[in-house]
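# Structural features, examined
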Amino acid sequence: MSFHSPYFLLLIPVIIAGAIALYYYSNKKRRQQLSRVVAPRLHESLINSVNYTARKLKYILFVVATIFLILALARPLGGQKEVQVERPGADVIIALDVSRSMDAEDAPTNRISAAKNAIKQMLETPSNHRFGLVSFAGEAFLITPITLDHGSVLRSTEALKTGSISKPGTDIAAAIKKALETFDPKKKNGKAIILITDGEQLQGDAILAAREASAAGVRIFTVGVGSITGSKIPDRSKGRFQFAKNEFGTDVITRLNENVLKQIASAGQGYYVRVGNNGEGLMDILNRGLSTIPTDVQTRKSKERVELFQIPLAVALCIFFFEPLISERKKNSL
């Protein structure tokens with residue numbers, strides 16, 4: 001057995017020592033007062049009328065009841081019990097673009113860093129939502145299944161980098177389909193996908209995939225990273241700084257394609273936002289977008305210690321109730 005507030009137990013030896021000292025001191029004072037107010041010839045008759053055993057018992061019971069009251073305040077804990085905790089919240093897949101274009105430096109830092117910082121801010125904000133992570137470029141992969149452990153999703157996000165998927169390109173449709181595979185098919189409500197990308201869709205039909213997701217009860221929100229004017233893509237693969245070039249030898253310019261992202265969001269019954277300099281876009285989706293989704297109550301099992309304070313509290317109350325019923329006078333004293 002353990003105690004939730006064991007520091008209360010330190011009062012027990014203090015109370016016992018104080019009770020013993022007070023008992024003998026009060027007896028001494030009582031005899032002195034008796035000598036001052038009662039004639040010596042009446043002492044014997046008054047003393048014989050007192051049931052000292054009952055008086056001592058009442059005192060002991062009062063002290064014991066106080067000790068049990070302190071035990072109740074210390075909150076004794078028994079073994080563990082399994083309880084079900086219900087929490088309303090949505091299942092959310094974060095689909096992060098890790099294609100080469102996300103290296104472009106037209107966001108507050110570069111696109112991939114801006115996206116990661118926004119995801120970090122969202123995951124560190126307390127919420128009941130469960131999150132998972134999908135990364136995509138020319139194909140999509142599940143990185144973290146849906147979980148309440150936001151810290152594990154954040155660690156996986158921070159480990160991602162551009163080029164981690166060997167197949168080049170940006171297949172947003174593949175990301176949506178991979179996210180759909182991740183959701184629990186038995187759950188009908190409270191499912192959403194947050195697509196974070198520059199919107200340069202090079203293959204697949206993302207709008208058609210978004211419609212299929214919407215038909216399955218999944219809401220899609222899109223978050224744009226980058227600038228409309230565009231930027232060159234740094235290329236450090238050959239050990240020196242240069243910009244990525246196309247087959248004609250000219251620098252590749254990558255631009256934020258807001259039109260595509262707005263169409264995907266519309267088809268997915270969500271909306272489009274820019275990521276913002278400080279992740280404002282993702283925070284808007286967290287605070288406003290996800291709150292509009294009909295959610296089921298999520299149930300998870302948790303182990304808790306059994307509270308046993310009721311037992312010493314009940315004992316203390318019973319003693320406090322019966323102690324005044326004990327008489328200190330002998331029955332034949334009259």
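Coordinates for the structure precede this section.
The paragraphs below set out a description of the structure included in this document.

Parameters at a glance
Residues numbered from 1 in each chain as written. Predicted model: local features only at pLDDT ≥ 70, side-chain atom pairs only at ≥ 80, totals over all residues. Heavy atoms only, no water. Helix = DSSP H or I, 4+ residues; strand = E, 2+ residues; numbered from the N terminus. Buried < 20%, exposed > 50% of the residue type's maximum accessible area, 1.4 Å probe, protein only. Contact = heavy atoms within 4.5 Å. Areas by Shrake-Rupley, 256 points an atom, 1.4 Å probe, with all protein chains shown as cover. Expected span 1.5 Å × (residues − 1). Salt bridge = Lys/Arg side-chain N within 4 Å of Asp/Glu carboxyl O. Patch = residues over 30% accessible without salt bridge, like charges linked within 9 Å, V, L, I, M, F, W, Y side chains within 5 Å. Phe/Tyr/Trp six-rings, centres within 6.5 Å; stacked < 30°, edge-to-face > 60°. Axes fitted to C-alpha atoms, helices over the stretch in contact; angles between N-to-C directions. Parallel < 35°, antiparallel > 145°, perpendicular 65-115°, else oblique. Left-handed = near helix turned anticlockwise from the far one by under 90°. Nonpolar A, V, L, I, M, F, W, Y, C, P; charged D, E, K, R; others polar. Pairing = 2+ DSSP bridges.

### As for the overall build of the chain
When helices and strands are counted, the chain shows ten helices and 13 strands. Out of the 334 residues belonging to the chain, those deemed buried represent 42%. Considering only contacts in the chain between residues 6 or more positions apart, those separated by 24 or more positions represent 80%. Of the roughly 18,400 Å² that the chain leaves accessible, carbon and sulfur atoms contribute 57%.

### A short note on helix α3 (residues 52-73)
Taking 1.5 Å as the rise per residue, α3 with 22 residues should run 32 Å; its terminal C-alpha atoms sit 32 Å apart, in good agreement. Count one or two residues on from α3 and you reach R75, which has phi positive near 55 degrees.

### What to know about the pattern of salt bridges
Inspection of the entire model under this criterion finds nine salt bridges. Measuring nitrogen to oxygen at the nearest pair gives 2.2 Å for the salt bridge that ties R75 to E307. Note that R75 is positioned in the loop between α3 and β2 (76-88) and E307 in strand β13 (residues 297-307), a separation of 232 residues in sequence. Residue classification places R75 among the partly exposed residues on the basis of a relative accessible area of 29%. Here D106 ties to R111 by a salt bridge, and the two come within 2.6 Å at their closest N and O atoms. Both residues of the pair, D106 and R111, belong to the buried class. Residues participating in the shared-partner salt-bridge network are D91, R130 and K187.

### Digging into a nonpolar patch on the surface
A contiguous nonpolar patch, built from I16, I20 and Y24 and spanning about 320 Å² of accessible area, is present on the exposed surface. Tracing the sequence through the fold places Y24 in helix α1 (residues 11-37).

### Section: the packing of aromatic side chains
For the structure on display, the rule yields six aromatic pairs. Here Y7 and F8 contribute two aromatic rings whose centre-to-centre distance is 5.0 Å and whose plane-to-plane angle is 35 degrees, an arrangement assigned as tilted. Looking at Y7, the relative accessible area reads 54%, which means it is exposed. Take F8: its relative accessible area is 24%, and that puts it in the partly exposed class. Aromatic side chains F221 and Y271 sit 5.2 Å apart centroid to centroid with 80 degrees between the ring planes, which places their arrangement in the edge-to-face category.

### Observations regarding the packing of helix α6 (residues 172-182) against helix α7 (residues 206-215)
Their axes nearest at 8 Å, the elements α6 and α7 cross at an angle of 20 degrees. The angle between the axes of α6 and α7 places the two elements in the roughly parallel class. In terms of crossing hand, the pair formed by α6 and α7 is left-handed. Judged by residue contacts, I172, A173, I176, K177 and L180 of α6 engage A206, A209, A210 and A213 from α7. Residue composition of the contact of α6 with α7, by class: eight nonpolar, no polar and one charged.

### So, the pairing of strand β5 (residues 140-147)
Taken together, the five bridges between strand β4 (residues 130-136) and β5 define a ladder with antiparallel strand orientation. If you follow V134 over to β5, its bridge partner there is L142. Hairpin connection, β4 to β5: the antiparallel pair is bridged by three residues.

### Some remarks on the sheet that holds β4
Here we have six strands laid out as an open sheet, ordered β5-β4-β3-β6-β7-β12, and mixed in their pairing. Of all the strands in the sheet, the pair left with one neighbour each is β5 and β12 (272-274). Between one strand axis and the next, the sheet turns by 20 degrees as a mean value, whatever way the strands run. Across seven bridges, the pairing between strand β3 (residues 91-97) and β4 is parallel. Among the inter-strand pairings, V92 is bridged to a residue of β4, identified as F131.

### Considerations on helix α5 (residues 150-159)
Taken as a whole, α5 has its buried residues at H150, S152, V153, L154, S156 and T157. Where α5 is buried, its residues touch β3, α4 (111-123), β4 and β5.

### Brief notes about the packing of α7 against helix α8 (residues 258-267)
Remark: α7 packs on α8, axes separated minimally by 8 Å, with the N-to-C direction vectors making an angle of 20 degrees. By the criterion of interaxial angle, the relationship of α7 to α8 is roughly parallel. Crossing hand, α7 versus α8: right-handed. In this structure, α7 uses A206, I207, A210, R211 and S214 to contact α8, whose residues at the interface are Q263, I264 and A267. Taken together, the residues that form the contact of α7 with α8 break down as five nonpolar, two polar and one charged.

### Some details on the environment of L180
Of note, L180 is situated in helix α6. Each C-alpha atom, one on L180 and one on K191, is 9.3 Å from the other, the two residues being eleven residues apart in sequence. Ignoring any residue separated from it by four or fewer positions in sequence, one finds L180 in contact with A213 and V218.

Geometric descriptors of this kind do not, in isolation, establish any biological role.
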